[in-house]
Amino acid sequence: MISIIICSRHPDISASLRENIKETIGVEYEIIAVDNSNNDYSIFSCYNKGFRQSLFPCLCFLYEDVLSWTKEWGINVVR
């Protein structure tokens, strides 16, 4: 129920970030990683591009170097 939008400086986000989200979020989610490795977008344009692709009503704009240590944080976000 959360669309996680990440502006990435690499063609894809790291496996450790994907695993961290999977292990901590606690709700249904999708990850939309927008490739900005060529600096084609400002961060705002990058996030807007991800927003247009999102399926869920809750949006989480996340930097690619942020890891969560809070279990089931997605439940609080949805509330």
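Whatever comes next refers back to the structure up there.
Residues numbered from 1 in each chain as written. Predicted model: local features only at pLDDT ≥ 70, side-chain atom pairs only at ≥ 80, totals over all residues. Heavy atoms only, no water.

Help me understand unusual backbone geometry, please; the structure alone is not making it clear to me.
Among all residues save glycine, negative phi is the norm, and among peptide bonds the norm is trans. Positive phi, normally seen in glycine, also occurs at N39, with a value near 55°. Inspection of the secondary structure assignment puts N39 in the loop between strand 2 (29-35) and helix 2 (43-53). The backbone phi angle of E72 is positive, close to 55°, even though this residue is not glycine. Accessibility expressed as a relative area gives 46% for E72, which makes it partly exposed. (Helix = DSSP H or I, 4+ residues; strand = E, 2+ residues; numbered from the N terminus. Buried < 20%, exposed > 50% of the residue type's maximum accessible area, 1.4 Å probe, protein only.)

Help me understand the pattern of salt bridges, please; the structure alone is not making it clear to me.
Under the definition given, this model contains 2 salt bridges. Measuring nitrogen to oxygen at the nearest pair gives 3.1 Å for the salt bridge that ties R9 to E64. Of this pair, R9 sits in the loop between strand 1 (2-8) and helix 1 (15-24) while E64 is found in the loop between strand 3 (58-62) and helix 3 (73-78), placing the two residues 55 residues apart along the sequence. Among the ionic pairs, D12 bridges to R18, the shortest N-O distance being 2.8 Å. We classify D12 as partly exposed; its relative accessible area is 40%. On the basis of relative accessibility, which here comes to 32%, the residue R18 falls in the partly exposed class. (Salt bridge = Lys/Arg side-chain N within 4 Å of Asp/Glu carboxyl O.)

Could you clarify how one ought to interpret helix 1 in this entry?
Since the α-helix turns once every 3.6 residues, residues separated by three or four places project in the same direction. Listing the buried residues of helix 1 in full gives L17, N20, I21 and T24. Burial along helix 1 is one-sided: seen end-on, the buried residues are contained in an arc of 95°. Residues of helix 1 that are exposed and point over 90 degrees away from its buried face: A15 and K22. Note on helix 1: the residue one or two positions beyond its end, G26, has a positive phi of about 80°. (Arc of directions from axis to C-beta.)

Would you take a moment to explain helix 2 for this structure?
Here helix 2 has its buried residues at C46, Y47 and G50. Here the buried residues of helix 2 occupy an arc of 95° about the axis, which is enough to place them on one side. In this structure, helix 2 carries F44 and R52 as exposed residues pointing more than 90 degrees from its buried face. The inward-facing, buried residues of helix 2 abut strand 1, strand 2 and strand 3. (Contact = heavy atoms within 4.5 Å.)

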